[in-house]
Amino acid sequence: RSIWVTGVQTCALPIDAGTTYRKFSDVGRDTLLLVLSASRRDCFCPHLWSYPIVGKVPYKGFFDAKMAQKAAAEFEKKGYDIYLRPSAAFSTLGWFEDPLLSTALTRDSVELASLVFHEIAHNSLYVKSATPFNESFAQLIGYRAAERFFRERGDSVHAQQAADRWHDEIILGAFYQDLVDRLRAFYDSKPSPAALDSGRVAIGSWAKEQLEGPVGDSLRTIRFRGRLRDAPVNNARLVGATIYRTHLDRFDTFYRQQGEDVNRTTAALKELMKGATGDEAFERLEKSVRSKE
């Protein structure tokens, strides 16, 4: 069931919405699709799926839950870490008229606004085979555009919440980078099977201590104390966490260098990324940021 909506179209969007979110669609269930990530247990090496146009991507979406569970089980049989998570929305990169889906409406006002702007951001800029870049860019636009959206409407409370949540994303991005660096150093030591298991447990304990201690204490909107269980590291879960939080501090620096203007930031990145693919996207971003520091 679909109905027309106009709120997103009539607001002053700082990015190119095109025909995205001009309709609302009730999908009739609480889960839109399941997204699968997989990685070897002894290496932070995301499995990559190849698609036309978008290139190589470290996850695969399934609208059929049984197909998703079957694919996950096949990776588990090979000894892989797997992570199967629900997703409330997706983007067709402007190729189709993506509707606002009912599965997104379980979020609070700030997260809903940031999700809408996040998905629309993919219409404005997408670099082939550069999923961490694309998703992290969309995170920047999602929260910074949400902050602007609420501030322009005189809603300083929600605007500050959007700014605080972006602050927390940057903090978590740095934490996950530290965690991945520790894991890579550990895996490079070529541990025995027994040492691999105990090492993953130890690193998992360190991560919990950080999230319930100094990292968690620096967050403004997220609380981890008492919520985390003791568990070994799961490389596939980390794939899911890091693709949305890669070099967020550099994206934010780029944003500040563009006068804290979402429009200018998006236009400048589109120009900077012309012809880029894969890891080249982050290399260009880093070079640009450093040249202005």
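This is a predicted model, so every value here is computed, not measured.

(A) The arrangement of the overall build of the chain in detail. If you tally the helices and strands in the chain, you get 11 helices and 8 strands. Among the 293 residues that make up the chain, the fraction classed as buried is 49%. Relative to all contacts within the chain whose residues are 6 or more apart in sequence, the contacts with residues 24 or more apart total 70%. Summed over all atoms, the accessible surface of the chain reaches about 14,800 Å², with 51% contributed by carbon and sulfur.

(B) How the structure looks around the nonpolar core. One finds Val127, Phe133, Phe251, Leu269, Met273 and Leu285 to be the most contacted residues of the largest nonpolar core, which totals 31 residues. At the level of secondary structure, the elements contributing two or more residues to this core comprise helix H3 (109-124), helix H4 (131-152), helix H5 (156-188), helix H9 (248-257), helix H10 (262-272) and helix H11 (280-292). What Phe133 contacts, discounting residues up to four positions off in sequence, is Leu125, Val127, Phe251, Leu269, Met273, Ala281, Phe282 and Leu285. Of all hydrophobic cores here, the second largest spans 29 residues; its members include Phe175, Tyr176, Phe186 and Leu219.

(C) Representation of the packing of H4 against H5 in the model. In the contact formed by H4 and H5, the axes pass within 7 Å of each other and the chain directions differ by 160°. The pairing of H4 with H5 is recorded here as roughly antiparallel in orientation. Crossing of H4 over H5 shows left-handed handedness. Contact residues: H4 offers Gln139, Leu140, Tyr143, Arg144, Ala146, Glu147, Phe150 and Arg151, while H5 offers His158, Ala159, Gln160, Ala162, Ala163, Arg165, Trp166 and Glu169. Of the residues contributing to the contact of H4 with H5, the split by class is 8 nonpolar, 3 polar and 5 charged.

(D) Fine view of helix H8 (residues 235-242). Counting buried positions over the 8 residues of H8 gives 7, a clear majority of the element. Of all the residues in H8, the buried ones are Asn235, Ala236, Leu238, Val239, Gly240, Ala241 and Thr242. Looking at the buried residues of H8, the elements they touch are strand S3 (33-40), strand S7 (80-87), H5 and helix H6 (193-212). One side-chain oxygen at the N-terminal end of H8 lies 2.9 Å from the backbone nitrogen of Ala236; it belongs to Asn234.

(E) Region of the structure containing the packing of aromatic side chains. According to the stated counting rule, one finds 11 aromatic pairs in the structure shown. With centroids separated by 5.8 Å and ring planes inclined at 70°, the aromatic side chains of Trp49 and Phe75 adopt a geometry described as edge-to-face. Within this pair, whereas Trp49 is found in strand S4 (residues 49-51), its partner Phe75 is found in helix H2 (residues 65-77), the two being separated by 26 residues in sequence. Neither residue differs from the other here; Trp49 and Phe75 are each classed as buried. Note on Phe186 and Tyr187: the rings are 5.7 Å apart at their centroids and 45° apart in plane angle, and the pair reads as tilted. One exposure class covers both Phe186 and Tyr187, and it is buried. By the ring-pair criterion, three or more aromatic residues cluster together here, those being Trp49, Phe75 and Tyr80. The side chain of Arg182 reaches across the aromatic face of Trp206, ending 4.0 Å from its centre.

(F) Examining the state of the cysteines more closely. Applying the stated rule across the entire model yields 1 disulfide. One disulfide in the model links Cys43 with Cys45; its S-S distance is 1.6 Å. With a relative accessible area of 17%, Cys43 lands in the buried category. For Cys45, a relative accessible area of 28% puts it in the partly exposed group.

(G) Structural context of the side chain of Arg250. The topology assignment puts Arg250 in helix H9. The exposure class of Arg250 is buried, given its relative accessible area of 14%. Sequence-distant contacts of Arg250, defined by excluding residues within four places in its chain, comprise Leu285, Glu286, Val289, Arg290 and Glu293.

(H) Quick look at the confidence of the model for the chain. In this model, the chain carries an average pLDDT of 88, and 85% of its residues clear a pLDDT of 70 or more. When the criterion is pLDDT under 50, residues 1-14 qualifies, and its contacts beyond four places in sequence or with other chains add up to 36 contacts.

(I) Quick peek at the pattern of salt bridges. Applying the stated criterion across every chain yields a total of 21 salt bridges. The closest approach of N and O atoms between Asp108 and Arg165, which form a salt bridge, is 2.9 Å. A residue pair is termed long-range when its members are at least 10 positions apart, and Asp108 in the loop between strand S8 (100-101) and H3 and Arg165 in helix H5 qualify at 57 residues. Using a relative accessible area of 36% as the deciding quantity, one classes Asp108 as partly exposed. What makes Arg165 buried here is its relative accessible area of 16%. Two residues, Glu271 and Lys274, come together in a salt bridge whose shortest N-O distance is 3.0 Å. Note on Lys274: relative accessible area 56%, which makes it exposed. One salt-bridge network, in which partners are shared between bridges, spans Arg144, Glu147, Arg151, Asp252, Arg256 and Glu260.

Rules used in this analysis
- Residues numbered from 1 in each chain as written.
- Predicted model: local features only at pLDDT ≥ 70, side-chain atom pairs only at ≥ 80, totals over all residues.
- Heavy atoms only, no water.
- Helix = DSSP H or I, 4+ residues; strand = E, 2+ residues; numbered from the N terminus.
- Buried < 20%, exposed > 50% of the residue type's maximum accessible area, 1.4 Å probe, protein only.
- Contact = heavy atoms within 4.5 Å.
- Areas by Shrake-Rupley, 256 points an atom, 1.4 Å probe, with all protein chains shown as cover.
- Core = buried A, V, L, I, M, F, W, Y, C linked by side-chain atoms within 4.5 Å.
- Axes fitted to C-alpha atoms, helices over the stretch in contact; angles between N-to-C directions.
- Parallel < 35°, antiparallel > 145°, perpendicular 65-115°, else oblique.
- Left-handed = near helix turned anticlockwise from the far one by under 90°.
- Nonpolar A, V, L, I, M, F, W, Y, C, P; charged D, E, K, R; others polar.
- Polar contact = N/O pair within 3.5 Å; in protein donor to acceptor, adjacent residues only side chain to side chain.
- Phe/Tyr/Trp six-rings, centres within 6.5 Å; stacked < 30°, edge-to-face > 60°.
- Lys NZ or Arg CZ within 6 Å of the ring centre and 35° of its normal.
- Disulfide = S-S within 2.5 Å.
- pLDDT = per-residue confidence, 0-100.
- Salt bridge = Lys/Arg side-chain N within 4 Å of Asp/Glu carboxyl O.

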